[in-house]
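Structural overview for review
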Amino acid sequence: MDIQTLLSFEWGMMAPEFTILIVGILLSLLDLFGKDTWKKSLPWLAVGGVGVAIIFLLFQYGHGDISILGNTYVFDSFAFYFKLILLIATLLILLMVISRTVQQEVRDRGEYLYLLLAALLGGMMVASGGDLISLFVGLELLSLSSYIMVGLRKRDVRSSEGAMKYLINGSIATAFTLFGMSYVFGLTGSTKLVDIAREMSGSLGSGEPVAIIGFIIMFVGLAFKISTVPFHMWTPDVYEGAVTPVSAFLSVVSKSAGFIIIVRIFWGIFGNATFGGSDTLFATMIDFIAVLAFLTMFIGNLVALRQRNMKRLLAYSSIGHAGYILIPLVSLTPVSLENIWFYLLAYAFMTIGAFMVIYILEQQKQSEDISIFTGLYRESPALAIIMTIFLASLAGIPGTAGFIGKFNIFVGAVAADPAQYILAGTMAVMTVVSYIYYFNIMVQMYIRKPQLEGTTKIARLQSVPLILCVAGTIGLGVFPFIALNFFH
Amino acid sequence: MTTIPLQAYLILALILFCIGLFGALTKRNTIIVLICIELMLNAVNLNLVAFSQLGNNPGITGQVFSLFTITIAAAEVAVGMAILIAWYRHKNGVNVDEMDGLKD
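Residues numbered from 1 in each chain as written. Chains lettered and ligands numbered in written order. Predicted model: local features only at pLDDT ≥ 70, side-chain atom pairs only at ≥ 80, totals over all residues. Heavy atoms only, no water.

1. Some thoughts on the overall build of chain B
Looking only at helices and strands, chain B has 3 helices and 0 strands in total. When its helices and strands are written in sequence order, chain B yields α-α-α. The globule rule puts the C-alpha radius of gyration for 104 residues at 13 Å, and the 17 Å found for chain B is more than 25% above it. Considering only C-alpha atoms, chain B reaches an extent of 55 × 25 × 25 Å along its principal axes. Across the 104 residues in chain B, those meeting the buried criterion constitute 38%. For chain B, the accessible area works out to roughly 5700 Å², and carbon and sulfur atoms hold 66% of it. (Helix = DSSP H or I, 4+ residues; strand = E, 2+ residues; numbered from the N terminus. Rg over C-alpha atoms; globule rule 2.2 N^0.38 Å. Buried < 20%, exposed > 50% of the residue type's maximum accessible area, 1.4 Å probe, protein only. Areas by Shrake-Rupley, 256 points an atom, 1.4 Å probe, with all protein chains shown as cover.)

2. Describing the overall build of chain A
Helix and strand content of chain A: 22 helices and 2 strands. Against the 2.2 N^0.38 benchmark of 23 Å for 488 residues, chain A shows a C-alpha radius of gyration of 22 Å, consistent with a compact globule. When its C-alpha atoms are laid out on the principal axes, chain A stretches across 70 × 55 × 45 Å. Taking all 488 residues of chain A together, the buried fraction comes to 64%. Within chain A, contacts between residues at least 6 apart in sequence are counted, and of these 79% link residues at least 24 apart. Of the charged side chains in chain A, 28 are positive and 28 negative; the average position of the first set lies 14 Å away from that of the second. (Contact = heavy atoms within 4.5 Å. Lys, Arg positive; Asp, Glu negative; His and termini not counted. Charge placed at Lys NZ, Arg CZ, Asp CG, Glu CD.)

3. Some words on the environment of glutamine 363 of chain A
Structurally, glutamine 363 of chain A can be placed in helix α16 (residues 336-365). Between the alpha carbons of glutamine 363 of chain A and arginine 100 of chain A there is a distance of 8.2 Å; along the sequence they are 263 residues apart.

4. Structural notes on helix α11 (residues 234-241) of chain A
Residue and element names in this part refer to chain A. The buried fraction of α11 amounts to 8 of the 8 residues, a majority that puts the element mostly inside the structure. Of the residues making up α11, those classed as buried are Trp234, Thr235, Pro236, Asp237, Val238, Tyr239, Glu240 and Gly241. Here the buried face of α11 lies against α7 (132-150), α8 (157-188), α12 (244-270), α15 (310-331) and α16.

5. A few points about the UniProt feature "transmembrane region" (unreviewed entry) in chain B
All names here are of chain B. Following the UniProt record, one finds the feature "transmembrane region" (unreviewed entry) at residues 6-25, 32-52 and 64-88. Counting secondary structure, residues 6-25 comes out at 100% helix and 0% strand; the distance between its end C-alpha atoms is 29 Å. Measuring from the first to the last C-alpha atom of residues 32-52 gives 30 Å, for a span that is 100% helix and 0% strand. (UniProt positions renumbered as here; feature names shortened; annotations may be inferred.)

6. Here's the deal with the packing of aromatic side chains
One pass over the full model with this rule turns up 39 aromatic pairs over all chains. Look at tryptophan 234 of chain A and tyrosine 239 of chain A: their rings are 6.4 Å apart centre to centre, the planes differ by 75°, and that puts the pair in the edge-to-face class. Taken together through their ring pairs, the aromatic side chains of Tyr147, Tyr166, Phe176, Phe179, Tyr183, Phe224, Phe231, Trp234, Tyr239 and Phe355 of chain A together with Phe17 and Phe51 of chain B make up a single cluster. (Phe/Tyr/Trp six-rings, centres within 6.5 Å; stacked < 30°, edge-to-face > 60°.)

7. Focus on the interface of chain A and chain B
Taken together, the 46 residues of chain A in the interface contact 43 residues of chain B. Of the roughly 3800 Å² buried where chain A meets chain B, counting both sides, 76% is carbon and sulfur surface. When residues of chain A are sorted by the area they lose upon contact with chain B, Glu161, Met164 and Phe179 of chain A head the list and together hold 17% of the total. If you look at where chain A meets chain B, you find 0 salt bridges. (Buried area = accessible area lost by both parts, 1.4 Å probe. Salt bridge = Lys/Arg side-chain N within 4 Å of Asp/Glu carboxyl O.)

8. Let's talk about the confidence of the model for chain B
Overall, the predicted model of chain B reaches an average pLDDT of 92, with 98% of residues at or above 70. The ipTM assigned to the predicted complex is 0.97, against a pTM of 0.96. (pLDDT = per-residue confidence, 0-100.)

9. Quick word on the environment of asparagine 408 of chain A
Residues and elements named next belong to chain A. Among the secondary structure elements, asparagine 408 is positioned in helix α19 (residues 401-415). With a relative accessible area of 18%, asparagine 408 lands in the buried category. Residues asparagine 408 and valine 246 lie 162 residues apart in sequence; the distance between their C-alpha atoms is 29 Å.

10. Considerations on the nonpolar core
Counting residues in each nonpolar core, the largest one holds 209 residues, and the members touching the most others are Met200, Phe266, Phe270 and Phe373 of chain A. Sorting elements by how many residues they give to this core places α16 of chain A first, with 20 residues. (Core = buried A, V, L, I, M, F, W, Y, C linked by side-chain atoms within 4.5 Å.)

11. Some details on unusual backbone geometry
Negative phi characterises most residues that are not glycine, and trans characterises most peptide bonds. Residues and elements named next belong to chain A. Residue valine 229 is joined to proline 230 through a cis peptide bond whose omega torsion reads 5°. The topology assignment puts proline 230 in the loop between α10 (208-222) and α11. For leucine 69, which is not glycine, the phi torsion reads 55° and is therefore positive. The phi dihedral of glutamine 366 falls on the positive side, at around 55°, and the residue is not glycine. With respect to the helices, strands and loops of the structure, glutamine 366 is situated in the loop between α16 and α17 (376-379).

12. Details of the confidence of the model for chain A
Scored by pLDDT, chain A has a mean of 91; 97% of the residues are at 70 or more. Element-level mean pLDDT values for chain A span from 79 in helix α3 (residues 36-39) of chain A up to 96 in α7 of chain A.

13. Some details on the packing of α8 of chain A against helix α1 (residues 6-26) of chain B
α1 of chain B packs onto α8 of chain A with a crossing angle of 165° between their chain directions and a minimal axis gap of 12 Å. Between α8 of chain A and α1 of chain B, the interaxial angle falls into the category roughly antiparallel. For the pair α8 of chain A and α1 of chain B, the sense of crossing is left-handed. On α1 of chain B, the residues that touch Ile172, Ala175, Phe176, Phe179 and Tyr183 of chain A of α8 of chain A are Ala13, Leu14, Phe17, Leu21, Ala24 and Leu25 of chain B. Within the contact of α8 of chain A with α1 of chain B, the residues separate by chemical class into 11 nonpolar, no polar and no charged. (Axes fitted to C-alpha atoms, helices over the stretch in contact; angles between N-to-C directions. Parallel < 35°, antiparallel > 145°, perpendicular 65-115°, else oblique. Left-handed = near helix turned anticlockwise from the far one by under 90°. Nonpolar A, V, L, I, M, F, W, Y, C, P; charged D, E, K, R; others polar.)

14. Section: the side chain of glutamate 161 of chain A
The residue glutamate 161 of chain A is located in helix α8 in this model. Among the polar contacts made by the side chain of glutamate 161 of chain A, one reaches the main-chain amide nitrogen of leucine 102 of chain B at a distance of 3.2 Å. Look past the residues within four positions of glutamate 161 of chain A in its chain and what remains in contact with it is Trp87, Met99, Asp100, Gly101 and Leu102 of chain B. (Polar contact = N/O pair within 3.5 Å; in protein donor to acceptor, adjacent residues only side chain to side chain.)

15. What to know about the pattern of salt bridges
Residues and elements named next belong to chain A. For the structure shown, the criterion picks out 15 salt bridges over all chains. Note that aspartate 369 and arginine 308 form a salt bridge whose closest N and O atoms lie 3.2 Å from each other. Residue aspartate 369 is found in the loop between α16 and α17, and its partner arginine 308 is found in the loop between α14 (286-304) and α15; the two are separated by 61 residues along the sequence. The exposure class of aspartate 369 is partly exposed, given its relative accessible area of 25%.

16. Concerning α1 of chain B
Each full turn of the α-helix corresponds to 3.6 residues, which orients residues three or four apart in the same direction. Here α1 of chain B is 21 residues long and its end C-alpha atoms lie 31 Å apart, about the 30 Å a rise of 1.5 Å per residue gives. Of the positions making up α1 of chain B, those classed as buried are Leu6, Leu10, Ala13, Phe17, Gly20, Gly23 and Ala24 of chain B. Looking straight down α1 of chain B, one finds its buried side chains confined to an arc of 155°; they lie on one side. The outward face of α1 of chain B, more than 90 degrees from its buried face, is lined by the exposed residues Gln7, Ile11 and Phe22 of chain B. Each element contacted by the buried residues of α1 of chain B is listed here: α8 of chain A together with α2 (30-54) of chain B. (Expected span 1.5 Å × (residues − 1). Arc of directions from axis to C-beta.)

In structure tokens form, the structure reads like this:
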């Protein structure tokens, strides 16, 4: 490849990634060599970088598909829409980091920021990866940065323990994913998704069992990222051990990246592979995913019932939500991708919002127990009402983004061919079960009396992510068509 | 040169992967667990290299992929050891059984 071909690629399409990369490197250099007086403004540099990346990305709206370096990096509408979720969620989490009032939690402030950006870059490369190698490297960039972020509070034993558990689980999951990828590579002799899809669209012949083994092993490995059965057990421990913004990051950005890579690989490769003459290989394997979705919804929501620690509760609820998002993968209608996207967007706003409220209360009361919500309505009516909005959205009450997301998935599952009545029914039942633990928090907030007299104030910086999340949750709930029209 | 059939490599890799998985799930020493994870990743490398030489459409891609895998596995172990040292300072040991501070 000579210099002419290298220059002929449309490198401008990678502007969002380059922005994040440059800002990340700049932050690490400034953190190392800069004066202490500068360091206070480093978080704003990170926010600015992500903001600029969002602007660059929005300029690419409606741009045609292109590929750089022989399909290693692809830009298509899929990459565009999912990168937008990653960037918006990271922006909200950075605002959450800035709002911190208690300083002793993580002293090494700069590291925190550029690890967040490195993880975001990994997620964006996953969204644009068109090659098994670049997908894998992007995913590992995300994972390795997350391991360090969880363990950053190194003087806290819970943080180290959470990070160690996360790393061991994550490495085993990586080994599974790679083992599956190696079989897919062996069947087709290529790592480019386009070539793999072309090779697989012919008759697989005696390769069919290998393809099925590759499918299952790869899916099990990637289930780690989206924290579904069988790799879900790390979630509560890691969320509890990590600092709250990092828990929010794992819950939203890391999970979205997991769904992105699953859609990219499984629809891209196995959606085209013919199996047994007629069906695609993906269509024959949906029962496998359906079982995982069923178990995930079941376990996540039932175990959440007996949680007292708020971060553990949100961890189990996030497992349940991951189960809901698996349903569009099973139902395979033309609107499945749209449903996944909308649910992930709604999920980003409501989950980050809920984590933000917990973060505010946690810093004031030095506790993560559910009792931090006791009598919150008397201490701070505004905060209680805001939390109610997020809880209503997580529970799926009409008028919120969570309701529209759940409704679309439900309709998609029933309208699918063949209709997934069992999954749709499980989803409805589990939504009702989830009311119990979400409403329990509301009971704490409105009915119980506060243990200590006093008021809880929201600092000005803390209100910024809260207002954005409320706007997103209500806005997507009342005017979902804005987002859905944007998607087309 | 290549008189050994592809299947032999694949079976060896599968056995290595299973040994690694078994060790990672049962061993008590965290360092052994990390070594077992390395074993699983090396099984993948064996698969990739065997496929790139003897599989369909032989080429250099598989070897490149295995180079990436080796590099990232090294990074993963480096992070793992760093976290393990942080953990060691708290507990003066590397026993997996003692990681029971976080539970329901």
